[in-house]
Amino acid sequence: MAQETPIEELDAIARGVDEAFAAARDDNELRQVTARFSGREGSLTRVMKRIPELPGAERKSFGQRVNEVKGRVERALATAAERLRSEARAKELAGPAIDITLPGRRPRLGRVHPIMRTLHEIIDVFSSLGFDVAEGPEVDHAENNFDRLGFPPDHPAMDMHDSFFLPSRTPSDRVLLRTHTSTVQVREMLSHPPPVQVVMPGAVFRRDDDATHSPMFFQLEGLMVDEDITLAHLRGVLEAFLHRLFGANVKTRFRASYFPFVEPGAEMDVECLICHGHNPACRVCKGTSWLEILGCGMVHPVVFESVGYDPERYKGFAFGMGIDRLTMLRYGIGDIRHLFENDVRFLGSL
Ligand code: PHE
């Protein structure tokens, strides 16, 4: 049998195109069929190489025919790809139904921690009473935490067992996690001339851990200094504050107490809003029906001297309250540690 001419071979290739693509059942087979025609080893590539066998006058029209067949391959490929897509879609639609009626999942919203909510409310009350707000560092010098506040050198709070000291670089460099926000009183007076009227919130640190004490807790310090400040101002401000926070009927009491940086000094208690005095075993008030919430007093002249205020001319009061305790009372929480365990179910219930 005589060998096929290039033209006969090209005709045979062209006749096979549609059938070959119609037989492809997936994308992979489509790729293989395409390569069989137009790939480097494909039949169209091979037949193109036979051009020199043709007489010069026929070569050009042969090249054009090869290109036509290539175009046909491309159209057949597009048709087959479209066929595969609609087959897949039809199969999907005929398959098992997807249930789109399940309820959606609601994203859980975070919210402000109860201690911070209480703190913000407290600050609102003091702002409305004319107080500014200031902050200081959590790590401070012992001078600001103790010395300038008139602590005697042998005061137990200065003991390693009671406070968290940081390793010091030199023997005279005593740095610690502040044990109270009274450090910020000192800083405010060192940096501002009188009069001052300011509250100072922040975290403080002590070596304590039980139902009503945590090693880290929050305080709000208050300081008011001017020429004619008296104990009556102190009581008036604190009672106005507690009535605003807990309602006008809440019972409070003022007890004489001692802090080195005030004279006279006092503590203020709020009735136990957990047991209202009815539970002798109450873990929060320890059966006393009162909860101590703050220390306060008239600023000691020694403190004024150490910050450069004239103790003859200026008088002032200071207080420091425990925000965590106020939060416990406000939300009826029986153990301070609940506030720091970060149990979302508990915090979300408040
Ligand atoms: N700094 C005291 C404490 O932490 C509280 C206090 C502040 C007392 C201001 C008197 C005046 O216990």
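What this report covers is the structure whose coordinates are included nearby. Just so it is clear, the structure is predicted and the values come from calculations on it, not from any experiment.

## Regarding the overall build of the chain
Part 1 of the reasoning: When its secondary structure is counted, the chain shows 11 helices and 9 strands.
Part 2 of the reasoning: Relative to a compact globule of 350 residues, whose C-alpha radius of gyration would be 20 Å, the chain shows 43 Å and is clearly more extended.
Part 3 of the reasoning: C-alpha extents for the chain along the principal axes are approximately 130 × 50 × 40 Å.
Part 4 of the reasoning: Buried positions account for 41% of the 350 residues belonging to the chain.
Part 5 of the reasoning: Here the chain has roughly 19900 Å² of accessible surface; of this, 54% comes from carbon and sulfur atoms.

## A short note on the site of the ligand
Part 1 of the reasoning: Residues in contact with the ligand amount to 14 residues; listed here are only the nearest, His-180, Ser-182, Arg-206, Gln-219 and Gly-320.
Part 2 of the reasoning: Contact between the ligand and Ser-182: a nitrogen atom at 2.9 Å from a side-chain N or O atom of the residue.
Part 3 of the reasoning: Between the ligand and Gln-219 there is a distance of 2.9 Å, counted from an oxygen atom to a side-chain nitrogen or oxygen.
Part 4 of the reasoning: Summarising the interface, the protein chains cover 91% of the accessible area of the ligand, which totals 330 Å² for the free molecule.
Part 5 of the reasoning: When contributions to the shell around the ligand are tallied by element, the ones reaching two or more residues are helix H7 (182-191), strand S5 (216-226), strand S8 (290-299) and strand S9 (315-322).
Part 6 of the reasoning: When residues of the shell around the ligand are assigned to their parent elements, the largest contribution, 3 residues, is made by S9.
Part 7 of the reasoning: Within the shell around the ligand, the residues separate by chemical class into 6 nonpolar, 6 polar and 2 charged.

## Focus on the nonpolar core
Part 1 of the reasoning: Core analysis: the largest hydrophobic core is formed by 45 residues, its most contacted members being Phe-126, Leu-220, Phe-319 and Met-321.
Part 2 of the reasoning: Looking at this core, the elements with two or more residues in it are helix H5 (114-128), strand S4 (196-205), S5, helix H8 (231-246), strand S7 (262-271), S8, S9 and helix H10 (323-331).
Part 3 of the reasoning: If one sorts the elements of this core by residue count, H8 sits on top with 7 residues.
Part 4 of the reasoning: With residues near it in sequence (within four places) discarded, Phe-126 still touches Phe-131, Val-199, Leu-220, Val-237, Phe-241, Phe-319 and Met-321.

## Some remarks on the environment of Gly-295
Part 1 of the reasoning: Position of Gly-295 among the secondary structure elements: in strand S8.
Part 2 of the reasoning: Along the backbone, Gly-295 and Ala-256 are 39 residues apart, and their C-alpha atoms lie at a distance of 9.7 Å.
Part 3 of the reasoning: Every residue in contact with Gly-295, bar those within four places of it in the chain, is listed here: Phe-259, Ala-266, Glu-267, Ala-318, Phe-319 and Gly-320.

## Examining the packing of H5 against H10
Part 1 of the reasoning: The N-to-C vectors of H5 and H10 enclose an angle of 100 degrees; their axes lie 9 Å apart at closest approach. It follows from the interaxial angle that H5 and H10 lie roughly perpendicular. Contacts between H5 and H10 involve Pro-114, Ile-115, Arg-117, Thr-118, Leu-119, Glu-121 and Ile-122 from the first element and Ile-323, Asp-324, Leu-326, Thr-327, Arg-330 and Tyr-331 from the second.
Part 2 of the reasoning: Tallied by class, residues from the contact of H5 with H10 come to 7 nonpolar, 2 polar and 4 charged.

## A short note on the packing of aromatic side chains
Part 1 of the reasoning: Counting across every chain of the model gives 10 aromatic pairs.
Part 2 of the reasoning: Measuring from centroid to centroid gives 5.3 Å for Phe-126 and Phe-131, while their planes differ by 80 degrees, and the two rings are edge-to-face. Accessibility assignment for this pair places Phe-126 and Phe-131 in one class, buried.
Part 3 of the reasoning: Ring-pair connections join several aromatic residues into one group, and the members of that group are Phe-126, Phe-131, Phe-241, Phe-317 and Phe-319.
Part 4 of the reasoning: Taking the ring centre of Phe-254 as reference, the NZ or CZ of Arg-235 above it sits at 4.6 Å.

## A few points about the sheet that holds S8
Pairing between the strands of a sheet is mediated by backbone hydrogen bonds and can be parallel or antiparallel.
Part 1 of the reasoning: One open sheet accounts for 7 strands, arranged S1-S4-S5-S9-S8-S7-S6; its pairing is mixed. Whereas interior strands pair on both sides, the edge strands pair on one side only; in this sheet they are strand S1 (132-133) and strand S6 (252-257).
Part 2 of the reasoning: Judged from the 8 bridges that link them, S5 and S9 form a sheet pairing that is antiparallel. Looking across to S9, one finds that Asp-226 is bridged to Lys-315.
Part 3 of the reasoning: In this fold H5 packs onto S1, S4, S5 and S9, with an angle of close to 5 degrees to the strand it touches most, S5.

## Some thoughts on the environment of Ala-142
Part 1 of the reasoning: On the secondary structure map, Ala-142 appears in helix H6 (residues 142-145).
Part 2 of the reasoning: Residues Ala-142 and Asp-173, spaced 31 residues apart in sequence, show a C-alpha to C-alpha distance of 8.3 Å.
Part 3 of the reasoning: Here Ala-142 is in contact with Asp-147, Arg-174 and Leu-176, once residues within four sequence places are set aside.

## Concerning the side chain of Thr-179
Part 1 of the reasoning: Tracing the backbone through its elements, the reader meets Thr-179 in the loop between strand S3 (175-177) and H7.
Part 2 of the reasoning: Within the structure, Thr-179 has its side chain in polar contact with the side chain of Asn-145 (distance 2.9 Å).
Part 3 of the reasoning: Leaving out residues up to four positions away in the same chain, Thr-179 has contacts with Asn-145, Phe-146, Ser-163, Val-204, Phe-205 and Arg-206.

## Brief notes about the packing of helix H1 (residues 6-22) against helix H4 (residues 56-94)
Part 1 of the reasoning: Relative to each other, H1 and H4 sit at 5 degrees, their axes nearing to 9 Å. Relative to H4, the element H1 is oriented roughly parallel. Across the interface between the two elements, Pro-6, Ile-7, Leu-10, Asp-11, Ile-13, Ala-14, Val-17, Asp-18, Phe-21 and Ala-22 from H1 touch Glu-58, Phe-62, Arg-65, Val-66, Val-69, Arg-72, Val-73, Ala-76, Leu-77, Ala-80 and Arg-83 from H4.
Part 2 of the reasoning: A per-class count over the contact of H1 with H4 returns 15 nonpolar, no polar and 6 charged.

Cut-offs used in this document
Residues numbered from 1 in each chain as written. Predicted model: local features only at pLDDT ≥ 70, side-chain atom pairs only at ≥ 80, totals over all residues. Heavy atoms only, no water. Helix = DSSP H or I, 4+ residues; strand = E, 2+ residues; numbered from the N terminus. Rg over C-alpha atoms; globule rule 2.2 N^0.38 Å. Buried < 20%, exposed > 50% of the residue type's maximum accessible area, 1.4 Å probe, protein only. Areas by Shrake-Rupley, 256 points an atom, 1.4 Å probe, with all protein chains shown as cover. Near = heavy atom within 4 Å. Polar contact = N/O pair within 3.5 Å; in protein donor to acceptor, adjacent residues only side chain to side chain. Nonpolar A, V, L, I, M, F, W, Y, C, P; charged D, E, K, R; others polar. Core = buried A, V, L, I, M, F, W, Y, C linked by side-chain atoms within 4.5 Å. Contact = heavy atoms within 4.5 Å. Axes fitted to C-alpha atoms, helices over the stretch in contact; angles between N-to-C directions. Parallel < 35°, antiparallel > 145°, perpendicular 65-115°, else oblique. Phe/Tyr/Trp six-rings, centres within 6.5 Å; stacked < 30°, edge-to-face > 60°. Lys NZ or Arg CZ within 6 Å of the ring centre and 35° of its normal. Pairing = 2+ DSSP bridges.

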